[in-house]
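A look at the structure
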Amino acid sequence: MLGAASSICVETILLGVGSSGGSPALGCNCPTCVSTDPKNTRTRASAVMRAGGKTFLIDTGPDLRGQALREQILHVDAVLYTHPHADHLNGIDDLRAFCWLQKAALPVYGNRLMLGHIRERFPYTLMKPNEFWDKPVLTIHEVDAEAFQVGDVTIQPIPLIHGKWPILGWRIGNVAYLTDVSEIPEASMALLQDLDVLFLDCLRTKPHPTHLSVEQSLQIAAQIGAKRTVLIHMTHELEYHALSQTLPQNIEVGYDGLSITINNS
Ligand SMILES: [Zn+2]
Ligand SMILES: [Zn+2]
Ligand SMILES: [Zn+2]
């Protein structure tokens, strides 16, 4: 199923690699939080993936507007949601800027849990547009483990476990984005073969019930064996340079604005 899709060119821009609080953390004086290196400033986790002439936004965190301005994201064809925690969903209102620019409803994809939260918490995003386009106008599409098409692009949802929640990671071509994961089911490991780039949750050093720790993240990265693994969704406990020095050669620390293009065609 992924054979044809694997040959497409995929550009990924990391909009944010922070955990729920972002870095610097309010009132903290740790080395990451006082650092003047932009690689230690982390907005909430989100990414853009471009393929087949389409732009896909992964999640809508509370920093979406600033991230879109910074990276000049002026057009979005679809939103791929991972899960409904506030740091991944609560910027949903800023999608109205894209609806306004495009004068069109924006399709969003998520699993049943995700779409239930949108219906309950943000029902005003599911109404018909008015003449002012002053609210997000979204159409929701429930997906699970089955690949689907947007235009010519095959998108593969990757079912994951985040504490007690079933959530989704996303794969386009040979690039996969897995955030907020505590466990990868066996069937999903099979969907993560032959990756050029893996973006992977790596919260902090200490184990956490709903995320991968550094040690777990490195173990899983080795198991998946992508050519290049980029760590994301980090707290301020992980300083960019200190963590970088401890990593094997094909694993690196992500940062806001990192852009990677894979061209396999
Ligand atoms: Zn998160
Ligand atoms: Zn700090
Ligand atoms: Zn989460």
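Structure shown above.
The rules behind the values
Position numbers for residues count from 1 along each chain, tracking the sequence in the order it is written. Each chain takes a letter, starting from A, and each ligand takes a number, starting from 1, following the order in which they are written. Local features in a predicted model are, by the rule used here, given only for residues with pLDDT of at least 70; side-chain atom pairs are given and counted only at 80 or more, and totals for whole chains, interfaces and linings are based on all residues. Heavy atoms throughout the structure, all of them, feed into the side-chain values; hydrogens and water do not. Whether a set of points on the 1 Å grid over the protein atoms alone is a cavity depends on a 1.4 Å probe fitting there but being unable to get out, while an open set qualifies as a pocket with protein on both sides within 12 Å along at least five of seven lines; lining residues are those with an atom within 4 Å of a point. Grid points are joined across faces, edges and corners, and a volume is the space filled by probe spheres set on the points. Ten residues, namely Ala, Val, Leu, Ile, Met, Phe, Trp, Tyr, Cys and Pro, are considered nonpolar, four, namely Asp, Glu, Lys and Arg, are considered charged, and the remaining ones, Gly among them, are considered polar. Only nitrogen, oxygen and sulfur atoms qualify as donors, and only when within 2.8 Å of the metal (3.2 Å in the case of Na, K and Ca); with water excluded, sites may look incomplete. A four-donor site is called tetrahedral if each angle lies between 85 and 135 degrees; a four-donor site is square planar, and a six-donor site octahedral, when trans pairs exceed 155 degrees and the remaining angles lie between 65 and 115; all other cases are labelled irregular. Comment: elements are numbered from the N terminus, with helices defined as DSSP H or I runs of at least four residues and strands as E runs of at least two. Think of it in three bands: with a 1.4 Å probe and only protein chains considered, a residue is buried below 20% of the maximum accessible area for its type, exposed above 50%, and partly exposed in between. Note that the arc is computed from the directions linking the helix axis to the C-beta atoms. We call two residues in contact when some of their heavy atoms are within 4.5 Å.

The next subject is the layout of surface pockets. Gaps left between atoms are located by rolling a probe of water-molecule size over the structure's atoms. Taken as a whole, the largest pocket spans an internal volume of roughly 210 Å³. Looking at the lining of the largest pocket residue by residue, the classes come out as eight nonpolar, one polar and four charged.

Around the zinc ion (ligand 3), the donor atoms from the protein are His83 (NE2), His85 (ND1), His162 (NE2) and Asp180 (OD), and they sit 2.2 to 2.3 Å away. Viewed at the metal, the four donor atoms of the zinc ion (ligand 3) are separated by angles of 90 to 170°, and the geometry they form is irregular. A separation of 3.5 Å is found between the zinc ion (ligand 3) and the zinc ion (ligand 1), which share Asp180 as a coordinating residue. In this pair, His83 sits in the loop between strand E4 (78-80) and helix H3 (86-89) while His162 sits in strand E8 (residues 153-162), placing the two residues 79 residues apart along the sequence. For the pair shown, His83 and His162 are each scored as buried.

Every buried residue of helix H5 (residues 112-121) is listed here: Met114, Leu115 and Ile118. Projected down its long axis, H5 carries its buried residues within an arc of 90°, all on one side. Exposed residues lying more than 90 degrees from the buried face of H5 are Arg112 and Glu120. In this structure, the buried side of H5 is in contact with H3, strand E5 (106-110) and strand E6 (138-142).

Scope: geometric values only; no functional claims are made or implied.
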